[in-house]
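Geometric and topological summary
Below, each chain spelled out in residue letters.
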Amino acid sequence: MAVGVAIQEFAAIHHGNDDGERAPDGWRPTTIPEGSIFLLLPGARHRYAPHRRTGWVEHWIECRGGAFNFACDAGSAQPEQPSSSEISDLFTSIHALA
């Protein structure tokens, strides 16, 4: 994987057809299970990739604003925690509207 990049917004990333790997800055690479949603925070360097043998289909939503900053400050938005089914359902609903 590459050194990593930083984005300026919050991003929710969903991939649906195979496992992969992610490594937020300063963390050891971890497996991303098929169908997972993971969160990227503004300014945090990161990298992620599918397994080379299979690839994956990726969907993402970028957002910014006070509500997202509040969620992060309150501990509700933490990139090291796996997503819940509620977040997955919300992501699916939002992405369907795009």
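The structure under discussion appears in the preceding block.
Below or above, wherever it landed, is the structure these notes cover.

So, how was this worked out
- Residues numbered from 1 in each chain as written.
- Predicted model: local features only at pLDDT ≥ 70, side-chain atom pairs only at ≥ 80, totals over all residues.
- Heavy atoms only, no water.
- Pairing = 2+ DSSP bridges.
- Helix = DSSP H or I, 4+ residues; strand = E, 2+ residues; numbered from the N terminus.
- Axes fitted to C-alpha atoms, helices over the stretch in contact; angles between N-to-C directions.
- Salt bridge = Lys/Arg side-chain N within 4 Å of Asp/Glu carboxyl O.
- Buried < 20%, exposed > 50% of the residue type's maximum accessible area, 1.4 Å probe, protein only.
- Core = buried A, V, L, I, M, F, W, Y, C linked by side-chain atoms within 4.5 Å.
- Contact = heavy atoms within 4.5 Å.

**Description of the sheet that holds strand β4 (residues 37-40)**
Strand order in this open sheet of 3 strands is β4-β1-β6, and the pairing throughout is antiparallel. Unpaired on one side and paired on the other, β4 and β6 (58-63) mark the two borders of the sheet. This sheet shows a mean twist of 20° between the axes of neighbouring strands, independent of strand direction. In this sheet, β6 lies alongside strand β1 (residues 10-15) in antiparallel orientation, the contact comprising 6 bridges.

**Focus: the sheet that holds strand β2 (residues 20-22)**
The sheet built from 3 strands is open, its strands ordered β3-β2-β5 with antiparallel pairing. Each of the sheet's edge strands pairs with one partner strand only, and the pair in question is β3 (30-32) and β5 (48-50). Recorded for the sheet is a direction-independent mean angle of 30° between the axes of neighbouring strands.

**Let's talk about the pattern of salt bridges**
Within the structure shown, the criterion is met by 1 salt bridge. Here R64 ties to E9 by a salt bridge, and the two come within 2.5 Å at their closest N and O atoms. Separated by 55 residues along the polypeptide, R64 in the loop between β6 and α1 (66-73) and E9 in the segment before β1 bring together distant segments of the chain. On the basis of relative accessibility, which here comes to 58%, the residue R64 falls in the exposed class. Looking at E9, the relative accessible area reads 17%, which means it is buried.

**A look at the nonpolar core**
Counting 7 residues, the largest nonpolar core consists of I7, A11, I13, I32, F38, L40 and W56. Put simply, the parts of the chain that give this core at least two residues each are β1 and β4. The residues touching F38, leaving out its near neighbours within four places in the chain, are A11, A12, I13, H15, R22, I32 and Y48.

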